[in-house]
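Listed below are the residues making up each chain.
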Amino acid sequence: MTETATKKPPLTGIRVIELARVLAGPWAGQMLADLGADVIKVENPDGGDDTRQWGPPFVEGADGENLSAAYYHATNRGKRSITVDLKSPEGQQLVRRLIATADVVIENFKVDGLVKYGLDYDSVREVNPRLVYCSITGFGQTGPYAGFAGYDYIVQGMSGFMSITGEPDGQPMKAGVAIADIFTGIYAVSAIEAALIHALKTGEGQLIDMALLDVQSAVLANQNMNYLVSGAAPPRLGNAHPNISPYEVVPTADGYLILAVGNDGQFRRLSTILGLETIADDERFSTNKARVANRGEVRRLISTETLKWQKADLLKACEQNAVPSGAINTIEEMFADPQVKARGLRIDLADSAGTVIPGVRTPVVLSETPLRYVRPSPRLGEHREEILAELAELERKASS
């Protein structure tokens, strides 16, 4: 899944200036880099991206050098780094020069936070009318919360996500990763690519307004529609599904597994596996609608029988009878899974000093324009001289 001599990534030739830090903006920048774009990460010379310090664990170079926290490396692969003091007139002018040569800007400052530097959209589009300018904030450019700082954890709560996550009698729960940030980064890439197509067709750039709260609220999917149709706010159900039963975690003699029974035929086959043949014809359980209405009794009957099985044996029986089921892996077990290995999810990239840094590829496979994985996350300011020399050459060609 590397670039070949004949097949180049789809965004080859696209230049991105990343004025973003932490997760949502850098996640979008990393995806664009994997898709072939030249992503220049502009960092504060005083420590760089905040996530460089968000450890342990830290990546250690061959010579013992601290190469920044693992968190930073999760979202900055494939980029080049230049340090710029945005508070100085010289730094502001340098970024404007970089933007003049770019196709895309990604920034996640507070609303109007770049106005004082002359790097807001209205200012920079004067030097680059074709520019696609993606602004990522907690709450968007409009509305009563526009000026507030946005944090993933808080947005998970405000969006309603935590109200449907966790055990019914426990605390509302956040996800195990910053899903509001990550989803926003992914949606931002889609919006950027759409705006790039428009710019390439018309020569007209535009402002993209991405908000964490918008995104996290929108991705509640069927739970949103459950509320909009019924008028009842969905409750927390733990590992159960609001619209399907049994679709949850069940116990076995030596651990837990997932049953994902999506139709009546699958339920009948599961009932046979568990020696409960008669319940598939019981009007309380014969249809999914009935099983959802009686989910507590379904859970009791199923769990009583699954506890008599070894986990591996039940998984095998379900597989042999086309009943959807699955293991609950640790992250270690996930990386050791033969399917994950076959798909090449883990990648290992050597940096400029020969230190091999692990990572996880973008989960996109394109047959004719494969993604590119050629460099790990940059050291702070690693490419400054290279970028400045390149910029001078671009400007010389443009003026000649």
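Our subject is the structure that appears above.
I will try to describe carefully the structure that is included in this document. (Residues numbered from 1 in each chain as written. Predicted model: local features only at pLDDT ≥ 70, side-chain atom pairs only at ≥ 80, totals over all residues. Heavy atoms only, no water.)

1. Focus on the packing of helix α3 (residues 89-100) against helix α15 (residues 384-399)
How we decide: Angles here are taken between N-to-C directions and fall from 0 to 180 degrees, while the axes themselves are lines fitted to C-alpha atoms, restricted in helices to the stretch in contact. Numbering of helices and strands runs from the N terminus, with a helix taken as a DSSP run of H or I at least four residues long and a strand as a DSSP run of E at least two residues long. Each angle receives one of four descriptions, namely roughly parallel if under 35 degrees, roughly antiparallel if over 145, roughly perpendicular if within 65 to 115, and oblique otherwise. A crossing counts as left-handed when the near helix is turned anticlockwise from the far one by less than a right angle, and as right-handed when that turn is clockwise. In what follows, residue pairs with any heavy atoms lying within 4.5 Å of each other are defined as contacts. Each residue receives one of three labels: charged for Asp, Glu, Lys and Arg, nonpolar for Ala, Val, Leu, Ile, Met, Phe, Trp, Tyr, Cys and Pro, and polar for the others, Gly being one of them.
It is the contact of α3 with α15, at a shortest axis distance of 10 Å, that shows an interaxial angle of 60°. By the angle between their directions, the pair α3 and α15 is classed as oblique. In this structure, α3 meets α15 at a crossing whose hand is left-handed. Here α3 contributes L94, R97 and L98 to the contact with α15, which in turn contributes R384, I387, L388, L391 and E395. Residues of the contact of α3 with α15, tallied by class, amount to five nonpolar, no polar and three charged.

2. Some details on the environment of E60
Residue placement: E60 occurs in strand β3 (residues 58-60). With 188 residues separating them in the primary sequence, E60 and E248 have C-alpha atoms 40 Å apart. Excluding residues within four positions of it along the chain, E60 makes contact with E65, L67 and T355.

3. Quick look at helix α12 (residues 311-320)
Rules: Three exposure classes are used, based on accessible area relative to the maximum for each residue type with a 1.4 Å probe and protein chains only: buried under 20%, partly exposed in between, and exposed over 50%. Picture the helix axis, draw a direction to every C-beta atom, and the arc is the one those directions span.
If you check which residues of α12 are buried, you get L314, L315, A317 and C318. Seen along its axis, α12 keeps its buried residues to an arc of 165°; they face one direction. Opposite the buried face of α12, at more than 90 degrees from it, the exposed residues are A312, K316, E319 and Q320. Check the buried side of α12 and you find it contacts β9 (247-252), β10 (255-260), α9 (264-273), α11 (295-306) and β11 (325-327).

4. Regarding the nonpolar core
The following threshold applies: Here, the term nonpolar core denotes a set of buried Ala, Val, Leu, Ile, Met, Phe, Trp, Tyr and Cys residues that are joined through side-chain atoms within 4.5 Å.
With 35 residues, the main nonpolar core has V16, L32, V104, I106, V132, I136 and I192 as its most contacted residues. Broken down by secondary-structure element, the contributors of at least two residues to this core are α1 (24-34), β6 (104-107), β7 (132-137), α6 (179-202), β8 (206-211), α7 (212-218) and β12 (346-350). Ranked by residues supplied to this core, first place goes to α6 with seven residues. Filtering out sequence-adjacent residues up to four positions away, I192 remains in contact with L32, V104, I106, V132, C134 and I208. Among the nonpolar cores identified, the runner-up in size contains 23 residues, and V42, V84, L94 and L119 belong to it.

5. Some thoughts on the sheet that holds strand β1 (residues 15-19)
As a reminder of what qualifies: Here, a strand pair is defined by DSSP locating no fewer than two bridges between the strands.
The parallel open sheet is built from six strands, whose spatial order is β5-β2-β1-β6-β7-β8. Both outer strands of the open sheet, β5 (80-83) and β8, are each paired with one neighbouring strand and no more. Across the sheet, the axes of successive neighbouring strands diverge by a mean angle of 20°, strand direction being ignored. Alignment of β6 against β7, held across four bridges, turns out to be parallel. Among the inter-strand pairings, V105 is bridged to a residue of β7, identified as Y133. Contacts from α3 reach β1, β2 (38-43), β5 and β6, with the element oriented near 150° to β1. Sheet contacts for α15: β1, β2 and β5; angle to β5, the most-contacted strand, approximately 90°.

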